[in-house]
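Secondary and tertiary structure notes
The residues making up each chain are set out below.
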Amino acid sequence: MKRIATLLCTSLLIQGLGAQTFIQVYKNRADMVSQANITANLQEFASYGVKTTGSQANTNTLNWIKNKYLSYGYTASQIVESPFTFGSTSSKNLIITKTGTLYPNKYVIICGHFDTIYGPGVNDNGSGTSIILEAARILKDVPTEYSIKFIHFSGEEQGLRGSSHYVNNVVYQGGVRKLDIKLVFNLDQVGGVRGNNNNTVYCDEDQGGVSSNNAASAAVTQQLRNCTALYSPLQTAVDPAEATDYIPFEQKGEVITGFFEKIRSNYPHSSSDTFANMDPVYVYNIGKATVGALQHFATASITTPVNREAAKNPLETAKIYPNPASSILHIELPNSKETHFSFEMKNLMGRSVLKVDNETQINVSNLENGVYVGVLTVGEQTLSKNILIER
Ligand SMILES: [Zn+2]
């Protein structure tokens, strides 16, 4: 009983602070976005060629996305292929549902299109596709109070065909709203331009169309900006929402927001929209912002569950000592023969204050007293531990 009461107080406290407080667990999960995964996703997406709606390449890409979800552990029953046609063209949207713990019938939709036109579309919109996949991978076993739908739309390039079909035939049936949507968070063309300093992302705010939902969009777009600042190194700017898959939702009065690249690439809709012409590090950083924001929007659990995923982490038995520490921090890896690893200390704002490679005795005597998060990384594995510096 006490424990429940305590948890409730913590939850109320965070709500009371506007839910925009920095949450370390959210940061830890945002930091699970892997550059290697993002790059692999982008390159695999590129390999499917020109994914024009209705083409075999379009179908192959949908199957590739679907197999990613299965590989993350989502079950076939969570995955729906939703066919639509226009003229003589047939294609499918792909919808993956993760059920919420407290509001199973209220949905946060995160979406982006996977169809392309005239080129492989690695920026437009392999970038958004890669991030949605990475977010789904990381949050697979994280309880969220609201349900999440991860939606990969097709037919975007022909005039928002897939998203229009979804809104008018799935969200609404016979003119009746069948799906209670908390908000729609769209990612389109977030690949940046290689060689530029891609340090800012646009957050899309609904400033037109139906007016009844504009204030709510402004509020969630501000939350998106806050989350981007808290959980990624990127800066933000606001631009008006337009011409992508959230628009059919907006027209029905739903609350929308989204990400779009700030330095706009000229390559989309051409054969030059390739991996070589976009910036995978920018996609990685927007991935972190996305995982932070999605946890906020869907109210992800703020406790680290002791589950099989954690138990499977081979770094779980690594030793970082003494704690509290004053001058030297020692690191002992589970595999003493491993010589390649890195260790980083971050302050509670998430800022890196120390980073070393392959050192088992780390001098922390320059750090001020306080609580830090130590992040140990070996290959793809990471371990985060709170570390107190005290003298
Ligand atoms: Zn696009």
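Residue positions within a chain follow its written sequence, with the count starting from 1. Local features are withheld for residues below a pLDDT of 70 in this predicted model, meaning they are given only at 70 or higher, and side-chain atom pairs are given and counted only at 80 or more; totals for whole chains, interfaces and linings count all residues. Side-chain measures here rest on the full set of heavy atoms in the structure, leaving out hydrogens and waters.

1. Some details on the overall build of the protein
The test is simple: Numbering of helices and strands starts at the N terminus; helices are DSSP runs of H or I of at least 4 residues and strands are runs of E of at least 2. We compute the radius of gyration from the C-alpha atoms alone; for a globule the expected value is 2.2 Å times N to the 0.38, where N is the number of residues. Exposure categories follow from relative accessible area, calculated using a 1.4 Å probe and restricted to protein chains: below 20% of the type maximum is buried, above 50% is exposed, and the middle band is partly exposed. Whether two residues touch is decided by their heavy atoms; if any such pair falls within 4.5 Å, the residues are in contact. Here, Shrake-Rupley sampling with a 1.4 Å probe gives the accessible areas, and only protein chains in the shown set may cover a residue. When charges are counted, Lys and Arg contribute as positive and Asp and Glu as negative, whereas His and the chain ends are disregarded. By convention, the point assigned to a charge is CZ for Arg, NZ for Lys, CD for Glu and CG for Asp.
Scanning the protein for helices and strands turns up 10 helices and 17 strands. In summary, the protein has a C-alpha radius of gyration of 22 Å against a globular reference of 21 Å for 391 residues, a match within 12%. With the principal axes as the frame, the protein shows a C-alpha extent of 70 × 50 × 40 Å. With 391 residues in all, the protein has 52% of them scored as buried. For the protein, long-range pairs separated by at least 24 residues make up 76% of all intrachain contacts whose partners lie at least 6 apart in sequence. Just so you have it, the protein exposes about 17,100 Å², and 52% of that area is on carbon and sulfur atoms. For the protein, the separation between the mean place of its 32 positive charges and that of its 33 negative charges on side chains is 7 Å.

2. Details of the side chain of D245
Definition in use: Each salt bridge in this description consists of a side-chain nitrogen of Lys or Arg and a carboxyl oxygen of Asp or Glu lying within 4 Å of one another. Polar contact is defined as a pair of N or O atoms within 3.5 Å, subject to the rule that within protein one atom must be able to donate a hydrogen and the other to accept it, and that residues adjacent in sequence are counted only when both atoms are side-chain atoms.
Tracing the chain through its elements places D245 in the loop between strand 9 (235-240) and helix 8 (247-251). Although buried, D245 forms no salt bridge, and the nearest oppositely charged side chain, R161, lies 10 Å from it. Of the polar contacts made by the side chain of D245, one reaches the side chain of S163; its length is 2.6 Å. Apart from the residues within four sequence positions on either side, D245 is in contact with G112, H113, F153, E156, L160, S163 and N186.

3. Structural notes on unusual backbone geometry
Of note, the bond from D124 into N125 is cis; its omega dihedral lies within 30 degrees of zero at 10°. Tracing the backbone shows N125 in helix 5 (residues 122-139). In the segment running from Y321 into P322, the intervening peptide bond is cis, with an omega of -5°. By the secondary structure assignment, P322 is in the loop between strand 11 (319-321) and strand 12 (328-332).

4. Thoughts on the coordination of the zinc ion
Just so we agree on the cut-off: A donor here means an N, O or S atom no more than 2.8 Å from the metal, or no more than 3.2 Å when the metal is Na, K or Ca. Since water is not included, a site may seem to lack partners.
For the zinc ion, the protein coordination sphere consists of H113 (NE2), D124 (OD), D188 (OD) and D188 (OD), at 1.9 to 2.5 Å. Written as a sequence motif, the donor arrangement for the zinc ion is H-x10-D-x63-D. Taken as a pair, D124 in helix 5 and D188 in the loop between strand 7 (180-187) and strand 8 (200-205) lie far apart in primary sequence, 64 residues in all. Among the residues examined, D124 registers a relative accessible area of 4% and is labelled buried. For D188, a relative accessible area of 4% corresponds to the buried category.

5. Let's talk about the packing of helix 3 (residues 35-47) against helix 9 (residues 280-298)
Counted only if it meets this: Think of each axis as a best-fit line through the C-alpha atoms, taken over the contacting stretch in the case of a helix, with angles from 0 to 180 degrees between the N-to-C directions. Roughly parallel refers to an angle under 35 degrees, roughly antiparallel to one over 145, roughly perpendicular to one between 65 and 115, and oblique to any angle outside these ranges. The handedness criterion is simple: a crossing whose near helix is rotated anticlockwise from the far helix by less than a right angle is left-handed, and one whose near helix is rotated clockwise is right-handed. Three categories are distinguished: nonpolar for Ala, Val, Leu, Ile, Met, Phe, Trp, Tyr, Cys and Pro, charged for Asp, Glu, Lys and Arg, and polar for the others, with Gly belonging to the last.
Across the interface, helix 3 lies against helix 9 with an axial gap of 9 Å and an inter-helix angle of 120°. When the axis of helix 3 is compared with that of helix 9, the two are oblique. Crossing of helix 3 against helix 9: the hand is right-handed. Where helix 3 abuts helix 9, its residues Q35, I38, T39 and L42 lie against P280, V281, V283 and Y284. Within the contact of helix 3 with helix 9, the residues separate by chemical class into 6 nonpolar, 2 polar and no charged.

6. Here we look at the sheet that holds strand 14 (residues 352-357)
Heads up, the condition is: Only strands that DSSP links by at least two bridges are regarded as paired with each other.
Taken together, 4 strands build an open sheet; the order of strands is 14-13-16-17 and the sheet is antiparallel. Edge strands, defined here as strands with exactly one partner in the open sheet, are strand 14 and strand 17 (381-389). Each adjacent strand pair in this sheet contributes to an overall mean axis angle of 20°, direction not counted.

7. A word on the pairing of strand 12
Of the two faces of strand 12, only one is covered, namely that formed by L329 and I331; the face formed by I328, H330 and E332 stays uncovered. Joining the antiparallel neighbours strand 11 and strand 12 is a turn of 6 residues. Bridge count between strand 12 and strand 15 (residues 361-363): 3 bridges; the pairing is antiparallel. In the sheet register, L329 faces strand 15, and the bridge partner there is I362.

8. Digging into the confidence of the model for the protein
Our working definition: pLDDT expresses, on a scale from 0 to 100, how confident the predictor is about each individual residue.
The share of residues in the protein with pLDDT of 70 or more is 93%, and the mean pLDDT across the chain is 91. Considering only residues more than four positions removed or in separate chains, one finds that residues 1-19, a stretch of pLDDT under 50, has 8 contacts.

9. As for the nonpolar core
In plain terms, the rule: The criterion is simple. A nonpolar core is a set of buried Ala, Val, Leu, Ile, Met, Phe, Trp, Tyr and Cys residues joined through side-chain atoms within 4.5 Å.
Judged by nonpolar contacts, the single largest core of 60 residues is most densely connected at Y69, F150, F185, F259 and I286. Considering each element in turn, this core owes the most residues, 10 residues, to helix 9. Not counting chain neighbours up to four residues away, the residues in contact with Y69 comprise Y74, I79, I96, I132, L133, A136, F150 and H152. L315, A318, L367 and I389 belong to the second-largest nonpolar core, a separate cluster that totals 21 residues.

10. Overview of the pattern of salt bridges
The tally for this structure, following the rule as stated, stands at 12 salt bridges. Across the salt bridge formed by E44 and K68, the nearest N and O atoms sit 3.1 Å from each other. Taken together, the positions of E44 in helix 3 and K68 in helix 4 (residues 56-72) put the pair 24 residues apart, joining distant regions of the chain. Overall, K68 belongs to the buried group, its relative accessible area being 16%. The salt bridge involving E254 is made with R177; its shortest N-O contact spans 2.9 Å. Here E254 is found in the loop between helix 8 and strand 10 (256-261), whereas its partner R177 is found in strand 6 (residues 176-177), with 77 residues between them in sequence. Classification of R177 by relative accessible area gives partly exposed; the value is 36%.

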